[in-house]
Amino acid sequence: MLDVTRLRVLVAVARHGSVTAAAHALNYAQPSVSHHLARLEAETGTKLVQRAGRGIRLTDAGRLLAERGVEVIGRLDAAENELAVFAGLRAGRLRLAAFPSALSTIVPAAAAILHERHPSVDLRLTEAEPPEAVRMLRAGYVDVALVFRHEAADSGRAGSRDTLVAPGRASQDDDPVKVTEQDDLREQVLLSEAVHLIMPDTAVCGGEPPLAPAVTELWAADLARLAEYRWIAGCDRCREHLLLQCASAGFTPRIAFTTDDFVAVQALVAAGLGITTLPGLALRAARHPGIQAAPLPGSHRQVLALTYGEAPEPPAVARLLDVLSVTAGAERPPVPA
């Protein structure tokens, strides 16, 4: 059986790049780190590190074991924390990873409610896009991951759903971000929100409007009239969804800018440098006065809270899910056109 302490040493070497840096991070003596590595190689019967100049580097086997070690150690640390909470040894500690527009809207409201109702719960927040948030959840670095997935009923595949996949790995069965019935991930849908076409507000910015001001919602024929415009793409999942929407309208968008900063996106649109799509939460978080928004019928984005492991949830996690559900479902003002 592998020794957990030696796994921690290997993970530290992989993370920090040298024996010296790993020893400093672990507060070990350098010979102790070298000893643990040697013992781990003896346990596994495999060469895990090799000399590289004056330092060392991991072999392919070492990198593989280090990657698995991250997951093992993360789950052990999470289990230790959960047991301590159940035993009353310390106040609940919660770690939440969420994407930017959720961190700017539903998460602060949920954190405030949680602190008011349960002041002993220590909530830690981390910004992460869905693929990274799910990896952190599986590795035990966070207790809850807020993610999103797009739904496009009008994309040519009725009821189709864009699964949560890492860039370049779509449709792979072993994708670390896909949620399946056989997975240990559990999901709770917090909200479903419209995706909007974002155009310059010509009443504010001047110039010719991309579409007639009377157009308040877009269908494929309307979207096709925008084929000659420059487009602004967001994160990988948002970009994929944009390409699907445009493909259903019969064209490939000419993408001139790429940024996942929804404030910068709106500023680019208001400056007349392109058009784009944004979900409701992004507009709820910040809205530029120089833009016009029109919903894309049938195009929605779900926001989900993911947890790992078997039910029931630890009490602190259950409380967090409750307040996230409350703030996500709170009455929201309509997005003006």
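Everything discussed here concerns the structure shown above.
The text that follows walks through the structure, step by step, so that each part is easy to find. Here the residue index of a chain counts from 1 through its sequence in written order. Predicted model: local features are reported for residues with pLDDT of at least 70 only, side-chain atom pairs are reported and counted for 80 or more only, and whole-chain, interface and lining totals are derived from all residues. Water and hydrogen atoms were dropped before computing side-chain values, which therefore reflect all heavy atoms in the structure.

1. Observations regarding the packing of helix α1 (residues 4-16) against helix α3 (residues 30-44)
Think of two packed helices as two axes; the pair is described by the angle between the axes and how far apart they sit.
Then, in step 1: Simply put, an axis is a line fit to the C-alpha atoms, just over the touching stretch for a helix, and the angle between two N-to-C directions goes from 0 to 180 degrees. Per the convention used, a helix needs a DSSP run of H or I reaching at least four residues, while a strand needs a run of E reaching at least two, with both numbered from the N terminus. Between α1 and α3, whose axes approach to 9 Å, the crossing angle comes to 115°. Taken together, the axis directions place α1 and α3 in an arrangement best described as roughly perpendicular. Between α1 and α3 lies a crossing of left-handed hand. Taking contact as the criterion, the partners of T5, R6, V9, L10 and V13 in α1 are, on α3, V33, H36, L37, R39, L40 and E43.
Then, in step 2: Grouping the amino acids of the contact of α1 with α3 by side-chain chemistry returns 6 nonpolar, 2 polar and 3 charged. Roughly parallel here means an angle under 35 degrees, roughly antiparallel means over 145, roughly perpendicular means 65 to 115, and every remaining angle is called oblique. Working rule for handedness: look at the near helix, and if it is turned counterclockwise from the far one by less than a right angle, call the crossing left-handed; if clockwise, right-handed. What makes two residues a contact is simply this: any of their non-hydrogen atoms within 4.5 Å. In this classification, Asp, Glu, Lys and Arg are treated as charged, Ala, Val, Leu, Ile, Met, Phe, Trp, Tyr, Cys and Pro as nonpolar, and every other residue, Gly included, as polar.

2. Comments concerning the packing of helix α6 (residues 106-117) against helix α13 (residues 315-328)
Then, in step 1: Contact geometry for α6 and α13: axes closest at 8 Å, N-to-C directions at 130°. Relative to α13, α6 is oriented oblique. The interaxial crossing formed by α6 with α13 has right-handed handedness. Residue-level inspection shows I106, A109, A110, I113, L114 and R117 of α6 in contact with α13, the latter providing R319, L320, V323, L324, V326, T327 and A328.
Then, in step 2: Residue classes in the contact of α6 with α13 are distributed as 10 nonpolar, 1 polar and 2 charged.

3. Focus: the pairing of strand β9 (residues 276-279)
Then, in step 1: Only protein chains enter the accessibility calculation, which uses a 1.4 Å probe; a residue whose area is less than 20% of its type maximum is buried, one above 50% is exposed, and one in between is partly exposed. Here β9 shows a buried face lined by T276 and L278 and a second buried face lined by T277 and P279.
Then, in step 2: Of the strand pairs in this sheet, strand β6 (residues 185-200) and β9 are connected by 4 bridges, and their pairing is antiparallel. Along β9, the bridge assignment pairs H196 with L278. For two strands to count as paired, DSSP must find a minimum of two bridges between them.

4. Examining the nonpolar core
Then, in step 1: Nonpolar core, defined: a set of buried Ala, Val, Leu, Ile, Met, Phe, Trp, Tyr and Cys residues in which side-chain atoms within 4.5 Å join the residues together. Core analysis: the largest hydrophobic core is formed by 27 residues, its most contacted members being I106, V107, L146, L190 and L320.
Then, in step 2: Every element with two or more residues in this core is listed here: β3 (93-98), α5 (100-103), α6, β5 (144-152), β6, β10 (291-308) and α13.
Then, in step 3: Residue contributions to this core peak at 7 residues, all from α13.
Then, in step 4: Excluding residues within four positions of it along the chain, L146 makes contact with L96, A97, A98, F99, A102, I106, V107, A133, L190, L304, A305 and L324.
Then, in step 5: Counting 19 residues, the second-largest nonpolar core is a separate cluster that includes V19, A22, L58 and L65.

5. Some remarks on the environment of I232
Then, in step 1: Tracing the backbone shows I232 in strand β7 (residues 230-233).
Then, in step 2: Judged by relative accessible area, I232 falls into the buried class, the value being 0%.
Then, in step 3: Every residue in contact with I232, bar those within four places of it in the chain, is listed here: L242, F257, T259, V265, L268, V269, G274, I275 and T276.

6. Quick notes on the environment of I275
Then, in step 1: When you line up the elements, I275 lands in the loop between α11 (262-270) and β9.
Then, in step 2: You can call I275 buried: its relative accessible area is 1%.

7. What about α3?
Then, in step 1: In this model α3 runs 22 Å from its N-terminal to its C-terminal C-alpha over 15 residues, within 8% of the 21 Å that 1.5 Å per residue would give.
Then, in step 2: Listing the buried residues of α3 in full gives V33, H36, L37, L40 and E41. For α3, the angular spread of the buried residues around the axis is 140°, confining them to a single face. Turned more than 90 degrees from where α3 packs its buried face, P31 and A42 sit exposed.
Then, in step 3: With its phi angle positive at about 65°, G45 sits one or two positions after the end of α3. What a helix is expected to span follows from its residue count: subtract one and scale by 1.5 Å. In this context, the arc is that of the directions from the helix axis out to the C-beta atoms.

8. Regarding α6
Then, in step 1: Under the 1.5 Å per step criterion, the end-to-end length of α6 is 17 Å for 12 residues, consistent within 8% with the ideal 16 Å.
Then, in step 2: Residues of α6 that are buried include every one of I106, V107, A110 and L114, and no others. Within α6, the buried residues cover an arc of 90° as seen down the axis, which keeps them to one side. In α6, the exposed positions that point more than 90 degrees away from the buried face belong to H115 and E116.

9. Looking at the pattern of salt bridges
Then, in step 1: Salt bridges are defined by distance alone: a side-chain nitrogen of Lys or Arg within 4 Å of a carboxyl oxygen of Asp or Glu. Under the counting rule described, the total for this entry stands at 8 salt bridges.
Then, in step 2: A salt bridge links D60 to R63; its shortest N-O distance comes to 2.1 Å. Within this pair, D60 and its partner R63 are both found in helix α4 (residues 60-86), separated by 3 residues, close to a single helical turn.
Then, in step 3: A relative accessible area of 59% means that D60 is categorised as exposed.
Then, in step 4: Linking E187 and R149 is a salt bridge whose minimum nitrogen-to-oxygen distance equals 2.9 Å. You can see E187 sitting in strand β6 and its partner R149 sitting in strand β5, a full 38 residues away along the chain.

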